[in-house]
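Observations on the model geometry
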Amino acid sequence: MVRLRDPFMDCVRRLDDIASSVDFEGNTAKIDATGLTHKELNDLLRVCVEKGAEKIIIKNVCGQRYIGTRLHFPGKKVEIDVFGIPGNDLGMFMNGHRIVVHGNAQDGVGNTMNDGEIVVKGRAGDVVAMSMRGGRIFIRDDVGYRTAIHMKEYRERVPVLVVGGSSQDFLGEYMAGGSVLLLGLTLKNQKHKANYVGTGMHGGTIYIRGKIEQYQLGKEVGVVEMEEEDYRKVESLVKDYLRYFKDSIKNFELDEIMGERFIKLVPVSKRPYGRIYTYYIRY
Amino acid sequence: MAMKSHLLPEFIVERDNERCDSCKVCIKQCPFGVHYYDEEKDRVYSREELCVGCQRCVVYCPKNALKVIPYPKHYRPNDYWNESYIRDIKKQAESGGIILTSCGSARRTKIYWDHILLNASQVTNPSIDPLREPMELRTFLGRKPDALEIDLENMEIKTELHPNLMIEAPILFAGMSYGAISYNAFKSLAMAAKKFGTLFNTGEGGMPKDMREEFKDCTIVQCASGRFGVDPEYLNYSAAIEIKIGQGAKPGIGGHLPGEKVTAEISSTRMIPEGTDALSPAPHHDIYSIEDLSMLIYALKEATNYEKPVCVKIAAVHNVAAIASGMVRAGADIIAIDGFRGGTGATPKIMREHVGIPVELALAAVDQRLREEGIRNKCSVIVGGGIRCAADVVKAIALGADAVYIGTAALIALGCTMCQHCHTGKCAWGICTQDPELSKRLNPKVGAERAYNLLRAWSLEIKDVLGGMGINAIESLRGNRDHLRGIGLEEWELKVLGIKGAGE
Ligand code: SF4
Ligand code: SF4
């Protein structure tokens, strides 16, 4: 018989065997993630919330994935503090909780997230906020490729992504709704690196502070003037950004950030691919 | 400059004026505006160049006065430059666009089902009469353990089992989204699945809120590249989750539900604003490798507390066996393979007709490969893409499938006549349309009854065939290729299918 190694399910211990990794103090649970597999950590998180934890502090996180994903308890909102580096798909499908990462994050932060908030005090990898439909994500530094790809909005759900630094290519590709704010604070007067910004975009708004050339933008987006309302929106997000990261970002003041030029990108058409098909022409 | 269209009509509408009493039913029934009433002459006429041959008016004419028949061979007969190519070139010369079509491949590619014959018992082993003896079609889908440990004292299974789905016959309704099909068609299938004891599949358009509670145990919810309507509630109101990587009618490309079809109801089910295009990217942008697929499989398991099997659906393409092996290794509990004849609500014709391989060959190759690698028990295999009758189901099971998906056949049961105009959104049978006037032509209760009857009829036929083979459980037929023989096939084809030729 061939043993098929299962990267996720192999060597998963029973809850009883890992219970010693949790410490409860009132409504706060502390988890030591040392040596826990993805599933074990998420098993414990779930138990903590079931037992009534409202705040969970996880120490020594090292690559464990899906933190916050298995916490679908309609109506419940939990605060999770992550120390270390969480693995891919942090807060995927999340629906209302708040996660603060004291360190860098990997790929897929807030993937298909529905509601809640993720704050990363560091940088994050690729596909941040992919298909995100609600809630807010704040990344202190840079993000990787395909950020906010296919982000969308629906009625009262309008997702927001704020990136303090810059991004790699394909920012906002296929974007169908929501807002992305790229502050470029890590740029030191260079231009943004990303190419193909907003390719295929058909909804939502991207605000960019710092230099970016026309050739870096996708064919489907246009640059429009910032209006009063845009400035108000951006300013309030910048204020939140500064508040969230005040301990680690000291060199930036609100005026200094707002003093620089912002551009606003919106889709040229809501139907970028509407005219390439032959609907039988006679009717 | 206005261009005169060079296209010829595809159908002739023949009206028997002896029978026609100008009741105008046909005018009301035809969504394509073919029939019209001339007041002066007090007669109904037709503009046959608009007719798509859906046969709605023929069925509903109370006087049986109508005949819709193919237009006689248009051009000089030519096997190479046949009418279809000439017509397409003319269409493109007039429009400059990609030709859009729907349903499954209509080309004359070899149909392997028709080159496979089934076995029956004679003399050396008795056949079984399903009318008198129990016949088991019940099927379990999902990952099976490598071995079973049994506590003999209490007669209990000690091995921890993976979540499995139980269905009463190895037939499920394939993913067809609310958006591609009407609410009434969608609901018809859900009701039929529930009544029969099988599953229906939401496709990639989400699940209407008002149906969630009632149908949660017979729903496979799809998570596709557009992630439309995918949130934790949707994922948890389900029997299983299917990651859609590809579909047989359009392997490798995304989908595009035009804004006109995104009505208020569709918008709330897909969770996108009304009237915006719903673009499904070609790939999932978080899946660029088998490792990434694994990541999404486990993300979905996490989101549903490891309570549901996760299925991964791909189109049958050239390296399907190797891909399937990767999918199983990535953690898929069920793999679904959609052959190149699989249907769709809209696809570029070039994809429908030229991309992908027949599901018969893909299935045989996948089953073989998974067995060779010793991992066949790790997943169930569902195949779809052109399953037309109970015999196709039996052949698929004997080739190694655990169950089949039916899409086109289910829609035909509801009323579809394969006119291949779903992409126009004007389905005369109320199936592939969001026009409330048209969709109300299909009453979900009646639709459910038709779809249920089809499942029942096929189940009875499958039992008959099994009995004839001397088998009393579908389980014993699974992968039992000894019961198949090929006819009119070449050596390599027999080899891929893993069957002998007839007479061998
Ligand atoms: S399109 Fe359908 S309903 Fe209209 S004339 Fe042709 S067959 Fe009749
Ligand atoms: S579903 Fe309707 S439009 Fe599509 S092929 Fe069938 S009858 Fe024609």
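Note that the structure is a prediction, hence the values are computed from the model and not measured. Residue indices begin from 1 for each chain and proceed along its sequence in written order. Starting at A for chains and at 1 for ligands, labels are handed out in the order in which the entities are written. pLDDT decides what is reported in this predicted model: residues at 70 or higher carry local features, side-chain atom pairs at 80 or more are listed and counted, and totals for whole chains, interfaces and linings draw on all residues regardless. The basis for every side-chain value is the complete set of non-hydrogen atoms in the structure, without hydrogens or water.

**Quick look at the overall build of chain B**
The secondary structure listing takes helices from DSSP runs of H or I that are at least 4 residues long and strands from runs of E that are at least 2 residues long, numbered from the N terminus. A tally of helices and strands in chain B yields 16 helices and 23 strands. For the radius of gyration, the atoms used are the C-alpha atoms, and the globule rule reads 2.2 Å times the number of residues raised to 0.38. Here the C-alpha radius of gyration of chain B, 24 Å, is about what a compact globule of 504 residues would show, namely 23 Å. The dimensions of chain B, computed from C-alpha atoms along their principal axes, are 90 × 60 × 45 Å. Residue contacts are counted whenever heavy atoms from the two residues lie within 4.5 Å of one another. Partitioning the intrachain contacts of chain B with sequence separation of at least 6 by distance along the chain shows that 69% fall at a separation of at least 24. A 1.4 Å probe and the Shrake-Rupley method give the accessible areas. Residues count as covered only by the protein chains that appear here. In the form shown here, chain B has an accessible surface area of approximately 21,500 Å², with 52% of it arising from carbon and sulfur atoms. This count recognises Lys and Arg as positive and Asp and Glu as negative, with His and chain-terminal groups excluded. A charged residue contributes its charge at one atom only: NZ of Lys, CZ of Arg, CG of Asp or CD of Glu. Here chain B carries 60 positive and 63 negative side-chain charges, and the mean point of each set is 4 Å from the other.

**Remarks on the sheet that holds strand 6 (residues 116-118) of chain B**
Note: strands within a sheet are paired through backbone hydrogen bonds, in either parallel or antiparallel orientation. All names here are of chain B. Whether two strands pair comes down to DSSP finding at least two bridges between them. With mixed pairing, 3 strands are arranged side by side in an open sheet as 6-22-23. Every interior strand has two partners, whereas the edge strands, strand 6 and strand 23 (500-501), have only one. As paired elements, strand 22 (residues 484-486) and strand 23 share 2 bridges and run parallel to each other. Looking at the pairing, Gly 486 lines up with Gly 501 of strand 23. Across the sheet, helix 12 (residues 390-399) touches strand 6 and strand 22, and the angle it forms with strand 6 is around 95°. A fitted line through C-alpha atoms represents every axis, and for helices the fit uses only the stretch in contact; the resulting angles, taken between N-to-C directions, go from 0 to 180 degrees.

**Quick notes on the site of ligand 2**
Residues and elements named next belong to chain B. What makes a residue near a molecule or strand is one non-hydrogen atom of that residue sitting within 4 Å of it. Around ligand 2, the structure places Cys 103, Cys 416, Thr 417, Met 418, Cys 419, Gln 420, His 421, Cys 422, Cys 427, Trp 429 and Cys 432. Grid spacing is 1 Å over the protein atoms alone, the probe is 1.4 Å, and a cavity is where that probe fits but cannot get out, while a pocket is an open set with protein on both sides within 12 Å along at least five of seven lines and lining residues have an atom within 4 Å of a point. Molecule-in-pocket calls rest on the fraction of atoms, with more than half required to lie within 2 Å of the cavity or pocket grid points. Judged by the fraction of its atoms near the pocket grid, ligand 2 is located in the largest cavity. Here the nonpolar group is Ala, Val, Leu, Ile, Met, Phe, Trp, Tyr, Cys and Pro; Asp, Glu, Lys and Arg are the charged ones; every other residue, Gly included, is treated as polar. Its residues placed into classes, the shell around ligand 2 shows 8 nonpolar, 3 polar and no charged.

**Digging into the packing of helix 9 (residues 320-330) of chain B against helix 11 (residues 359-372) of chain B**
All names here are of chain B. Across the interface, helix 9 lies against helix 11 with an axial gap of 8 Å and an inter-helix angle of 50°. It follows that helix 9 is oblique to helix 11 by the angle criterion. Crossing handedness for the pair helix 9 and helix 11: right-handed. Here Val 320, Ala 321, Ala 322, Ala 324, Ser 325 and Val 328 of helix 9 lie close against helix 11, whose contacting residues are Ala 362, Ala 365, Val 366, Arg 369 and Leu 370. Tallied by class, residues from the contact of helix 9 with helix 11 come to 9 nonpolar, 1 polar and 1 charged. In this scheme, roughly parallel covers angles under 35 degrees and roughly antiparallel covers those over 145, while 65 to 115 is roughly perpendicular and the rest are oblique. Crossing handedness follows the turn of the near helix against the far one: under a right angle anticlockwise gives a left-handed crossing, and clockwise gives a right-handed one.

**Notes on the environment of Pro309(B)**
Of note, Pro309(B) is situated in the loop between helix 8 (290-303) and strand 17 (310-315). Note: C-alpha distance between Pro309(B) and Leu165(B) (144 residues apart in sequence) is 7.7 Å.

**Describing the domain arrangement of chain B**
Often, the extent of an interface is quoted as the loss of accessible area upon association of its parts. Residues and elements named next belong to chain B. Residue ranges assigned to each domain were obtained from an automatic or database domain assignment. Domain boundaries in chain B define domain 1 (11-97) and domain 2 (174-466). Spacing between the C-alpha centres of domain 1 and domain 2 amounts to 33 Å. Each side of the interface is counted separately: domain 1 has 13 residues, and domain 2 has 11 residues. A 1.4 Å probe defines the accessible area here, and the buried area is the portion of it lost by two parts on being joined, summed over both. Counting each side, the surface lost to burial between domain 1 and domain 2 is near 990 Å², with a carbon and sulfur contribution of 60%. Here a salt bridge means any side-chain nitrogen of Lys or Arg lying within 4 Å of a carboxyl oxygen belonging to Asp or Glu. The interface formed by domain 1 and domain 2 includes 1 salt bridge.

**Some points on empty space enclosed by the protein**
Grid points are joined across faces, edges and corners, and a volume is the space filled by probe spheres set on the points. The full count for this structure, using the stated rule, is 5 cavities of 30 Å³ or more. What the largest cavity holds in volume is close to 120 Å³. Here the residues of the lining of the largest cavity are counted per class, giving 13 nonpolar, 3 polar and 1 charged. Roughly 90 Å³ of internal volume is contained in the second largest cavity.

**Structural notes on unusual backbone geometry**
One non-glycine residue with positive phi stands out, namely Val127(A), at about 40°. Unusually for a residue other than glycine, Val123(B) sits at a positive phi of about 60°. Summarising the element assignment, Val123(B) is placed in the loop between strand 6 and strand 7 (139-141).

**So, the pattern of salt bridges**
All names here are of chain B. Using the criterion set out here, one finds 49 salt bridges over all chains in the structure. Taking the shortest distance from any N to any O, the salt bridge between Lys 63 and Asp 21 comes out at 3.4 Å. Of this pair, Lys 63 sits in the loop between helix 2 (56-60) and strand 4 (66-70) while Asp 21 is found in the loop between strand 1 (11-15) and helix 1 (25-29), placing the two residues 42 residues apart along the sequence. Burial classes: relative accessible area under 20% of the type maximum marks a residue as buried, over 50% as exposed, and values in between as partly exposed (1.4 Å probe, protein chains only). A residue is classified by how much of its surface remains accessible, and Lys 63, at 38% relative accessible area, is partly exposed. Asp 21 gets classed as partly exposed once you look at its relative accessible area, which sits at 43%. Close ionic contact of Lys 349 with Asp 88 constitutes a salt bridge, the shortest N to O distance being 2.8 Å. Here Asp 88 lies in helix 3 (residues 83-95) and Lys 349 lies in helix 10 (residues 349-354), a separation of 261 residues in the sequence.

**A look at the sheet that holds strand 17 of chain B**
All names here are of chain B. If you walk across this open sheet you meet the 8 strands as 11-21-20-18-17-14-13-12, and the pairing is parallel. With partners counted over all chains shown, the strands left at the sheet margins are strand 11 (171-173) and strand 12 (200-201), one partner each. By the bridge criterion, 5 bridges tie strand 17 to strand 18 (residues 334-338) in an arrangement that is parallel. By the bridge assignment for strand 18, Ile 314 is matched with Ile 337.

**Some remarks on the nonpolar core**
With 147 residues, the main nonpolar core has Phe173(B), Ile335(B), Ile337(B), Ile406(B) and Ile431(B) as its most contacted residues. With near-sequence residues (within four places) excluded, Ile337(B) lies in contact with Ile314(B), Ala316(B), Val320(B), Val359(B), Ala362(B), Val366(B), Val381(B), Ile382(B), Val383(B) and Gly384(B). Take the buried Ala, Val, Leu, Ile, Met, Phe, Trp, Tyr and Cys residues and link them wherever side-chain atoms come within 4.5 Å; each set so joined is a nonpolar core.

**Comments concerning the environment of Gln434(B)**
Residue and element names in this part refer to chain B. Mapped onto the elements of the fold, Gln 434 is located in the loop between helix 13 (408-414) and helix 14 (436-439). Put simply, Gln 434 and Asn 184 are 250 residues apart on the chain and 9.8 Å apart in space, counted from C-alpha to C-alpha. Sequence-distant contacts of Gln 434, that is, excluding residues within four places in its chain, are made with Tyr 178, Gly 179, Ala 180, Ile 181, Ser 182, Lys 261, Thr 263, Ile 266 and Gly 425. Of note is the side chain of Gln 434, whose polar atom sits 2.9 Å from the backbone oxygen of Gly 179. From its side chain, Gln 434 meets the backbone oxygen of Ile 181 in a polar contact 3.0 Å long. Residues adjacent in sequence count toward polar contacts only when both atoms are side-chain atoms; beyond that, a polar contact is any pair of N or O atoms within 3.5 Å, and within protein one must be able to donate a hydrogen and the other to accept it.

**As for helix 3 of chain B**
All names here are of chain B. The end-to-end C-alpha distance of helix 3, which contains 13 residues, comes to 18 Å, matching closely the 18 Å that a straight helix rising 1.5 Å per residue would cover. Those residues of helix 3 lying buried are Arg 87, Asp 88, Lys 91 and Glu 94. Looking straight down helix 3, one finds that the buried residues subtend no more than 130° of arc, so they occupy a single side. Against strand 5 (98-101) and helix 10 lie the buried residues of helix 3. Note on helix 3: the residue one or two positions beyond its end, Gly 96, has a positive phi of about 70°. The span one expects for a helix is its residue count, reduced by one, times 1.5 Å. What the arc measures is the spread of directions leading from the helix axis to the C-beta atoms.

**Some thoughts on the interface of chain B and chain A**
Every contact between the two is made by 67 residues of chain B and, on the other side, 52 residues of chain A. Buried surface at the junction of chain B and chain A, summed over both partners, amounts to about 5,200 Å²; 61% is from carbon and sulfur atoms. For chain B, the biggest contributors to the area lost against chain A are His285(B), Met295(B) and Glu302(B); these three give 13% of the whole. Our count for the chain B to chain A interface comes out at 2 salt bridges.

**Some words on the environment of Gly35(A)**
Residues and elements named next belong to chain A. Inspection of the secondary structure puts Gly 35 in the loop between strand 2 (28-32) and helix 2 (38-50). The class for Gly 35 is exposed, based on a relative accessible area of 61%. Here the alpha-carbon distance between Gly 35 and Val 61, two residues 26 residues apart in the chain, equals 9.0 Å. Setting aside chain neighbours within four positions, we find Gly 35 in contact with Arg 13 and Glu 40.

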